[in-house]
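# Coordinates in review
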Amino acid sequence: MFNTVLRNTSRFANKQVLATAQRSYSIELKSIVEKQIPVKQAQIAELRKNHGEEVLSQCTVNMAYSGMRGIKGLITETSLLDAEEGIRFRGLTIPECQQQLPGAEEGGEPLPESMLWLLITGEVPTRDQVRGLTEDLHRRAESISPDVIKIIKNLPNDIHPMTQFSIGILALQKDSKFAQAYQDGVHKKEYWKTTYEDTLDCIARIPIVASLIYRKNFKDGNQIQADKSLDWAANFAHMMGYNKKEVYELFRLYLSIHTDHEGGNVSAHATHLVGSALSDPYLSLSAGMNGLAGPLHGLANQEVLRWLKEIQGKLGDKEVNKENLTTVIWDTLNAGRVVPGYGHAVLRKTDPRYTCQREFALKHMPNDPLFKLVSTLYEIVPGILTEQGKTKNPFPNVDAHSGCLLRHYGLVEEDFYTVMFGVSRGLGVLSSLLWDRALGQPIERPKSMTTEALVKQFAAKKN
Ligand code: CMX
């Protein structure tokens, strides 16, 4: 229905009316943020006045040597992760988002624009607000610099798509309004305004960067122009060359659920850290993407697919049954490798992002052979990891499922999967960065120690 509405709008609407609508909608989002900023600032001032010296969390020596797991030392407003329950985006679980956030059609998957609105404002948008945001993003995408297209087209194909994506985001940086405003001597109270502009410009343009990388690396190299009658996610699928209704729905779901996972994960933390030096949103996001490109983080979706194919290769003509799979999983573990797509630094249950993708598969592709393999692995991997006794969480994470869905619809190039994750993650980490600027978060600079200093510290205590 949403598409039809959009199509009808773009077909019949008087251009001037549409331009007015775009302006008023985009200003509406910005003005909501503007109104929220003093309220949040006052809330924080009150909290700090009353509780500023209270201990939030302790840091033991073990924690310092274990990737700072469990130390509460960051403020991220957009989402919160519970070890048992999974992610809540501004207080809403994934099923609640699926129910409440406007989709392209009644009962359909949420539109990432709806999620973006929620992440930025904490409010569920109306259908009209989402439509306005979609139009605003289309308008912002139009002014992507031709230089960016040229840079991407000239990148050699043997550079990994994630590296190309990071380079592409850096190429967009020359249009940073924040960087320009800073050079012009903008007052620090105004930082958030150009961060807002960069955030929306960047989100509008990264699907062009990503789809161009895809077309160049894996297809005929020709850029497919945007279809402005489509929403942001469907248009991304379209620019990659996929135009089925089911693919549009998959993209909407995929690009909504990968947006945010509170602040401590590598991509969110890296974006926040780099942004804390007042590096602009493009520089910050590119840094986050370099973290997402690690195999223990976002690249795991690529690794899962490679591993599934490896399993299929090893089994050959043998039946895919629990016994055969058990042997293959132990082979992976005994080779000193991780089972990709399983485990998590915070979660201790099956990731709800896995569950909603599984539900999508059950609804749209229940007989897909790879989905059956993924499902059988779900039945046995947790038991094997528990038996091995190392991982704190033997259950699947988001990356265990996403590849088999994409592959089902013909998106077989697993080297590209993390780029899709990155396009989505941009929405969450840039929304957070916007609030970092709005709240005047300072440069991040935790204290580090040397082992020698710690040894001395404890020796001194003993004496
Ligand atoms: N397979 C095998 N061993 C695993 C494992 C897995 N899936 N998950 C954890 N372990 C091991 C760890 O490597 C570690 O071993 P050592 O003691 O030998 O170093 C031990 O179990 C304890 O690890 P943990 O505390 O349970 O997990 P961490 O918080 O250190 O790491 C994560 C979390 C995600 C990096 C880890 O579970 C992992 O490597 N998983 C596989 C890769 C993956 O799917 N990453 C994607 C995560 C989601 C995302 O960010 O996109």
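What counts as what
Residues numbered from 1 in each chain as written. Predicted model: local features only at pLDDT ≥ 70, side-chain atom pairs only at ≥ 80, totals over all residues. Heavy atoms only, no water. Helix = DSSP H or I, 4+ residues; strand = E, 2+ residues; numbered from the N terminus. Rg over C-alpha atoms; globule rule 2.2 N^0.38 Å. Contact = heavy atoms within 4.5 Å. Areas by Shrake-Rupley, 256 points an atom, 1.4 Å probe, with all protein chains shown as cover. Lys, Arg positive; Asp, Glu negative; His and termini not counted. Charge placed at Lys NZ, Arg CZ, Asp CG, Glu CD. Near = heavy atom within 4 Å. Polar contact = N/O pair within 3.5 Å; in protein donor to acceptor, adjacent residues only side chain to side chain. Core = buried A, V, L, I, M, F, W, Y, C linked by side-chain atoms within 4.5 Å. Buried < 20%, exposed > 50% of the residue type's maximum accessible area, 1.4 Å probe, protein only. UniProt positions renumbered as here; feature names shortened; annotations may be inferred. Pairing = 2+ DSSP bridges. Expected span 1.5 Å × (residues − 1). Bend = angle between axes of the 7 residues up to and from the residue. Salt bridge = Lys/Arg side-chain N within 4 Å of Asp/Glu carboxyl O.

What follows deals with the overall build of the chain. Across its full length, the chain carries 21 helices and two strands. For a compact globule of 463 residues, the expected C-alpha radius of gyration is about 23 Å, and the chain comes in at 23 Å, within 12% of that figure. For the chain, the C-alpha atoms occupy an extent of roughly 70 × 65 × 45 Å along the three principal directions. In the chain, the proportion of contacts linking residues at least 24 apart, taken out of those at least 6 apart, comes to 77%. Total accessible area on the chain is roughly 21400 Å²; 53% of this is exposed by carbon and sulfur atoms. A gap of 3 Å separates the mean positions of the 54 positive and 53 negative side-chain charges of the chain.

Taken together, 21 residues sit near the ligand, with His297, Gly341, Tyr342, Lys392 and Asp399 positioned nearest. A distance of 2.9 Å separates a nitrogen atom of the ligand from a polar atom in the backbone of valine 339. Take tyrosine 342: an N or O atom from its main chain is 2.8 Å from a nitrogen atom of the ligand. If the ligand stood free it would expose 890 Å²; the protein chains cover 75% of that surface.

This part takes up the nonpolar core. Residues Phe165, Phe251, Leu308, Ile329, Leu377, Leu411 and Phe416 are the most contacted members of the largest nonpolar core, which totals 111 residues. Considering every element that reaches this core, the biggest residue donor is helix H10 (residues 191-218), with 13 residues.

Let's shift gears to the UniProt feature "active site" (unreviewed entry) in the chain. UniProt marks His297, His344 and Asp399 with the feature "active site" (unreviewed entry), using the numbering shown here. Spanning 103 residues, the named residues nonetheless gather at one spot, since no C-alpha pair among them exceeds 10.8 Å. Along the chain, histidine 297 falls in the loop between helix H14 (281-292) and helix H15 (300-315). Apart from residues no more than four positions distant in its own chain, histidine 297 is found in contact with Asn265, Val266, Ser267, Gly291, Leu292, Asp399 and Arg425.

Residues Ser79 and Leu81 of strand S1 (residues 79-82) are buried on one face, while the alternating residues Leu80 and Asp82, pointing to the opposite face, are not. Of the strand pairs in this sheet, S1 and strand S2 (residues 86-89) are connected by four bridges, and their pairing is antiparallel. Of the residues in S2, the one forming a bridge with leucine 81 is isoleucine 87. From the end of S1 to the start of S2, which pair antiparallel, there are three residues.

What follows covers H10. The first and last C-alpha atoms of H10 sit 39 Å apart over 28 residues, in line with the 40 Å expected at 1.5 Å per residue. At arginine 205, H10 shows its maximal bend, which comes to roughly 30°, and the proline proline 207 appears one to four places after that position. With 26 of its 28 residues buried, H10 lies for the most part within the structure.

With that out of the way, let us pick up helix H6 (residues 127-142). Compared with the 22 Å implied by 1.5 Å per residue over 16 residues, the 23 Å span of H6 between its first and last C-alpha is a close match. With respect to burial, H6 is a largely interior element, twelve of its 16 residues being buried. Along H6, the residues classified as buried are Gln129, Val130, Arg131, Gly132, Leu133, Thr134, Glu135, Asp136, Leu137, His138, Arg140 and Ala141.

Looking now at the pattern of salt bridges. Applying the stated criterion to the full structure yields 30 salt bridges. In this structure, aspartate 231 and arginine 252 form a salt bridge, with 2.7 Å as the shortest nitrogen-oxygen distance. Placement of aspartate 231 in the loop between H10 and helix H11 (232-240) and of arginine 252 in helix H12 (residues 245-257) is noted, with a sequence separation of 21 residues between them. According to the relative accessible area criterion, aspartate 231 is buried, its value standing at 0%. Linking aspartate 415 and arginine 306 is a salt bridge whose minimum nitrogen-to-oxygen distance equals 2.5 Å. One end of the pair, aspartate 415, is in the loop between helix H19 (399-408) and helix H20 (417-438); the other, arginine 306, is in helix H15, with 109 residues separating them in the sequence. The class for arginine 306 is partly exposed, based on a relative accessible area of 35%. Through salt bridges with shared partners, a single ionic network connects Lys30, Asp136, Arg139, Arg140, Lys177, Glu197, Asp201 and Arg205.

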